[in-house]
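What follows is each chain in one-letter form.
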Amino acid sequence: MNIPKIVSDFRAGLASDELLVQTCNACGKPNMWPRYACPHCQSENLGWTRSAGQGSLHSFCVLRQGAPEGFEDDIPYAIGVVKLDEGVQLAVRLQPEGTEDWSAYQCDDRVEFVGKDGARECAVFRKSSD
Amino acid sequence: MTEHWSLHSTAGAANDPVFVGVGELKTGKFPERGFVEALTRVAIQAIKDAGMVPRDIDTILLIPNLHSAADQADLVFSRMVEELGIHGSCKSSFMVHSGGSTSDNAVRTAHGLITAGHAKNVLVLQCERWGSADLNEMITMLSKNGIPGEWELPTGIQFNAIGAMITRRYMYASGSTPEDMASICVTLRKWANLNENAMFYEKPLTIEKILSSRMVADPLHAYECPPMADGACAFVITNTENARKRGISNAVRLAGSGGCVSHYCLSQEPDQAVLGWPLAAERAFNQSGWGPQDADILEIYDSYAAVTAIALEGIGICPKGEGARWFAAGTGDPGGKLPINTNGGLLSAGHTGVGGGTALLVEGIRQLLHRAPAKRQVENCQRAIIGGTGGSYMDAQILLLERTQLGA
Ligand SMILES: [Zn+2]
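Since we're looking at a predicted model, the values are computed, not measured.

1. Section: the overall build of chain B
Here's step 1: In terms of regular secondary structure, chain B is built from 15 helices and 11 strands.
Here's step 2: Taken over the C-alpha trace, chain B has a radius of gyration of 20 Å; the compact-globule value for 408 residues is 22 Å, and the two agree within 12%.
Here's step 3: By principal-axis analysis of the C-alpha atoms, chain B measures approximately 55 × 45 × 40 Å.
Here's step 4: A separation threshold of at least 6 residues defines the contact pool for chain B, and within that pool the share at least 24 residues apart is 78%.
Here's step 5: Of the roughly 14000 Å² that chain B leaves accessible, carbon and sulfur atoms contribute 52%.
Here's step 6: Averaging the positions of the 33 positive and the 41 negative side-chain charges in chain B gives two centres separated by 5 Å.

Following this line, the structure appears as structure tokens:
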């Protein structure tokens, strides 16, 4: 399967520990997930901005059983939805604090981007250090 | 105030669509019961309940299954035309799909076809075999449907993770306790204990049992996750003129509907503790001319307890933040002030995929036709609020149904 350019660009960002937010060159608005045309103004002139990686945790869960095929060895793992300060939101993995422990996380916690999740094409976040 | 959209039919008008019959097979694990076999049996049941014969049906709307990609891709809606012996006379057969809210959209589709004159007698048909399918296969399938593969599949998200995130946000926003959340499942189980077709008809459930079950996806315990089940249901809609000719004096009509598609993937939902319900409710009540205080029963999608609590608040049944405590107070129990999910819902009658919402709708129609078994028939039931939602709770769909006298 051909990987669309918006996907490979986003993933290339993750691979170099950059969280990229698609930004419309016509109207200046950020889009997440990246789109083929700007949902605000329909322009196809789309670029990328490096996110500051700061945001708040809207919600999260810790999956302890019932992993999809290929994720069995990851169990347990935490998935969260982060609202970035840039005004867009995305699904991420949450870094445990200690071994398999996510008990310190709460909704609306300030969180920050850590990097790419090993072999997975997704972003990892942790509680903000400040 | 929302823009007013009028329905193009009114109560008693010749073209006003009315529900006249329902059918349902037992929900649970029935590996010996085939897909086409169940569709055939439930179709005949609904057609008979409507006082019709198969040849009366001119349009079949099929609700999708999730147990098999092959069954989904096959043109089963036309196979059913053959199985029912209505080839030639049947004008149209096709599938409608919006996940768990499909039945609501099937009603809108049938309503439009009948009102405009494209159809007279529409059969809406559903069968799911989740309970007999391979569990791991279904989990993987549900990590791919309703989730954007290129963006979110890499996180390892699946259906219980989605339900768990909504539950956590709801508990955080409302201050509901684990006991409050578990009480929702207990109310549903009390209703299932009155429904011989329910998967858990003979099995009681307590808050203690729920909270001591293993953690599947924090904060969801095993008994708070939907049980995958086999099931089949069907209903028949006709127009008022035709119903009168057939001597039908009492039927059920659509007073109004409203919907809101708030996202595709859950990560794009602005507020997981609100979803699309407030907008859908405003639109539905605006169209129907009656409000949440007028309902005699509620049949609201309940694949997770929080989903229903959030819907109750958005529809205006209780104040914001009070949905789970509304259940904990026993308000929706058998004998309570406002019966909810009187078949036991998805959580206790069984989650039949796209069919879970269909089963709730069929139960609402059945209650309004006064054809529920005596032990769970709600007395003098006149108005029902039906709520459905599909995928990652991507939409909120509301149907406002009312019993109507046709004067035949
Ligand atoms: Zn733009």
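We are not done yet, so read on.
2. Observations concerning the coordination of the zinc ion
Ideal geometry at a metal centre gives angles of 109.5 degrees when four donors are arranged tetrahedrally and 90 or 180 degrees when six donors are arranged octahedrally.
Residue and element names in this part refer to chain A.
Here's step 1: Taken together, Cys 24 (SG), Cys 27 (SG), Cys 38 (SG) and Cys 41 (SG) make up the full set of protein donors to the zinc ion, lying 2.3 to 2.4 Å away.
Here's step 2: On the primary sequence, the residues serving as donors to the zinc ion are separated as C-x2-C-x10-C-x2-C. One end of the pair, Cys 24, is in strand 1 (residues 20-24); the other, Cys 41, is in the loop between strand 2 (30-31) and strand 3 (46-50), and 17 residues separate them in sequence.

3. Things to note about the pattern of salt bridges
Residue and element names in this part refer to chain B.
Here's step 1: In this structure the tally under the stated criterion is 22 salt bridges over all chains.
Here's step 2: A salt bridge links Asp 16 to Arg 253, with the shortest nitrogen-to-oxygen separation between them at 2.6 Å. Of this pair, Asp 16 sits in the segment before strand 1 (17-24) while Arg 253 sits in strand 8 (residues 250-261); the two residues are 237 residues apart in sequence, bridging distant segments of the chain. Taken as a pair, Asp 16 and Arg 253 share a single burial class, namely buried.
Here's step 3: A salt bridge links Asp 333 to Lys 190; its shortest N-O distance comes to 2.7 Å.

4. Considering the sheet that holds strand 3 of chain A
Residues and elements named next belong to chain A.
Here's step 1: Ordered by their spatial adjacency, 3 strands build an open sheet running 2-1-3, and the pairing between neighbours is antiparallel. Each edge of the open sheet carries a strand with a single partner, namely strand 2 and strand 3.
Here's step 2: Pairing geometry for strand 1 and strand 2, over 2 bridges, is antiparallel. Bridge pairing in strand 2 links Gln 22 to Asn 31.

5. Section: the nonpolar core
All names here are of chain B.
Here's step 1: Grouped together as the largest cluster of nonpolar side chains are 107 residues, with contacts concentrated most on Phe 235, Leu 298, Ile 385 and Leu 401.
Here's step 2: In contact with Leu 401, not counting residues within four places along its chain, are Phe 19, Val 252, Arg 253, Leu 254, Trp 290, Leu 361, Ile 365, Leu 368, Gln 382, Arg 383, Ala 384 and Ile 386.
Here's step 3: Core analysis: the next-biggest nonpolar cluster, separate from the first, contains 33 residues, Val 20, Leu 25, Ala 50 and Ile 57 among them.

6. So, the domain arrangement of chain A
Residue and element names in this part refer to chain A.
Here's step 1: When cut into domains, chain A gives domain 1 (5-50) and domain 2 (54-127).
Here's step 2: Between the C-alpha centres of domain 1 and domain 2 the distance comes to 21 Å.
Here's step 3: Taken together, the contact pairs 11 residues of domain 1 with 13 residues of domain 2.
Here's step 4: Of the roughly 1000 Å² buried at the junction of domain 1 and domain 2 (both faces included), carbon and sulfur atoms supply 78%.
Here's step 5: When the area that domain 1 buries against domain 2 is broken down by residue, the three leading residues are Leu 14, Leu 19 and Met 32, summing to 47%.
Here's step 6: For the interface between domain 1 and domain 2, the tally reads 0 salt bridges.
Here's step 7: Applying the counting criterion to the domain 1 and domain 2 interface returns 1 residue pair in polar contact (both at pLDDT 80 or more).

7. Looking at the packing of helix 11 (residues 277-288) of chain B against helix 12 (residues 305-315) of chain B
All names here are of chain B.
Here's step 1: Put simply, helix 11 and helix 12 touch, their axes get as near as 8 Å, and they point 45° apart. Put simply, helix 11 runs oblique to helix 12. Of the two elements, helix 11 crosses helix 12, and the hand of that crossing is right-handed. Counted together, Trp 277, Pro 278, Ala 281 and Phe 285 of helix 11 and Val 307, Ile 310, Ala 311, Gly 314 and Ile 315 of helix 12 form the full contact between these two elements.

8. Quick look at a negative patch on the surface
Here's step 1: Residues Glu 69, Glu 72 and Asp 73 of chain A together with Asp 134 and Glu 137 of chain B make up a contiguous surface patch of negative charge.
Here's step 2: Summarising the element assignment, Glu 72 of chain A is placed in the loop between strand 4 (54-63) and strand 5 (77-84).
Here's step 3: For Glu 72 of chain A, a relative accessible area of 47% puts it in the partly exposed group.

9. Some points on helix 4 (residues 102-116) of chain B
Residue and element names in this part refer to chain B.
Here's step 1: Compared with an ideal rise of 1.5 Å per residue, which puts 15 residues at 21 Å, helix 4 spans 21 Å between its outermost C-alpha atoms and is within 8% of the ideal.
Here's step 2: For helix 4, a buried count of 11 out of 15 residues is recorded, marking the element as mostly surrounded by other parts of the structure.
Here's step 3: Among all positions of helix 4, only Thr 102, Ser 103, Asp 104, Asn 105, Ala 106, Val 107, Ala 110, His 111, Leu 113, Ile 114 and Thr 115 are buried.
Here's step 4: Downstream of helix 4 by one or two residues, Gly 117 has phi in the positive range, about 95°.

10. As for the pairing of strand 5 (residues 215-218) of chain B
Here's step 1: With 2 bridges connecting them, strand 4 of chain A and strand 5 of chain B associate as antiparallel partners. Directly across from Val 62 of chain A, in strand 5 of chain B, lies its bridge partner Asp 218 of chain B.
Here's step 2: Here 2 bridges tie strand 5 of chain B to strand 6 (residues 220-221) of chain B, and the two strands are oriented antiparallel to one another. Residue pairing in the sheet places Met 215 of chain B in a bridge with His 221 of chain B of strand 6 of chain B.

11. A look at the packing of aromatic side chains
Here's step 1: As enumerated under the stated definition, the model contains 10 aromatic pairs over all chains in all.
Here's step 2: Measuring from ring centre to ring centre gives 5.6 Å for Trp 33 of chain A and Trp 151 of chain B, while their planes differ by 5°; the resulting arrangement is stacked. With Trp 33 of chain A in the loop between strand 2 and strand 3 and Trp 151 of chain B in helix 6 (residues 149-152), this pair bridges two chains. Like Trp 151 of chain B, Trp 33 of chain A is buried.
Here's step 3: Within the aromatic cluster, the residues linked to one another by ring pairs are Phe 10, Trp 33 and Trp 48 of chain A together with Trp 151 of chain B.
Here's step 4: Lying over the aromatic face of Phe 71 of chain A, Arg 120 of chain A brings its terminal NZ or CZ to 3.9 Å of the ring centre.
Here's step 5: Across the ring face of Phe 60 of chain A, the terminal group of Arg 168 of chain B is positioned such that the distance to the ring centre comes to 3.7 Å.

Criteria and cut-off values
- Residues numbered from 1 in each chain as written.
- Chains lettered and ligands numbered in written order.
- Predicted model: local features only at pLDDT ≥ 70, side-chain atom pairs only at ≥ 80, totals over all residues.
- Heavy atoms only, no water.
- Helix = DSSP H or I, 4+ residues; strand = E, 2+ residues; numbered from the N terminus.
- Rg over C-alpha atoms; globule rule 2.2 N^0.38 Å.
- Contact = heavy atoms within 4.5 Å.
- Areas by Shrake-Rupley, 256 points an atom, 1.4 Å probe, with all protein chains shown as cover.
- Lys, Arg positive; Asp, Glu negative; His and termini not counted.
- Charge placed at Lys NZ, Arg CZ, Asp CG, Glu CD.
- Donors = N, O, S within 2.8 Å, 3.2 Å for Na, K, Ca; no water.
- Salt bridge = Lys/Arg side-chain N within 4 Å of Asp/Glu carboxyl O.
- Buried < 20%, exposed > 50% of the residue type's maximum accessible area, 1.4 Å probe, protein only.
- Pairing = 2+ DSSP bridges.
- Core = buried A, V, L, I, M, F, W, Y, C linked by side-chain atoms within 4.5 Å.
- Domains from an automatic or database assignment.
- Buried area = accessible area lost by both parts, 1.4 Å probe.
- Polar contact = N/O pair within 3.5 Å; in protein donor to acceptor, adjacent residues only side chain to side chain.
- Axes fitted to C-alpha atoms, helices over the stretch in contact; angles between N-to-C directions.
- Parallel < 35°, antiparallel > 145°, perpendicular 65-115°, else oblique.
- Left-handed = near helix turned anticlockwise from the far one by under 90°.
- Patch = residues over 30% accessible without salt bridge, like charges linked within 9 Å, V, L, I, M, F, W, Y side chains within 5 Å.
- Expected span 1.5 Å × (residues − 1).
- Phe/Tyr/Trp six-rings, centres within 6.5 Å; stacked < 30°, edge-to-face > 60°.
- Lys NZ or Arg CZ within 6 Å of the ring centre and 35° of its normal.

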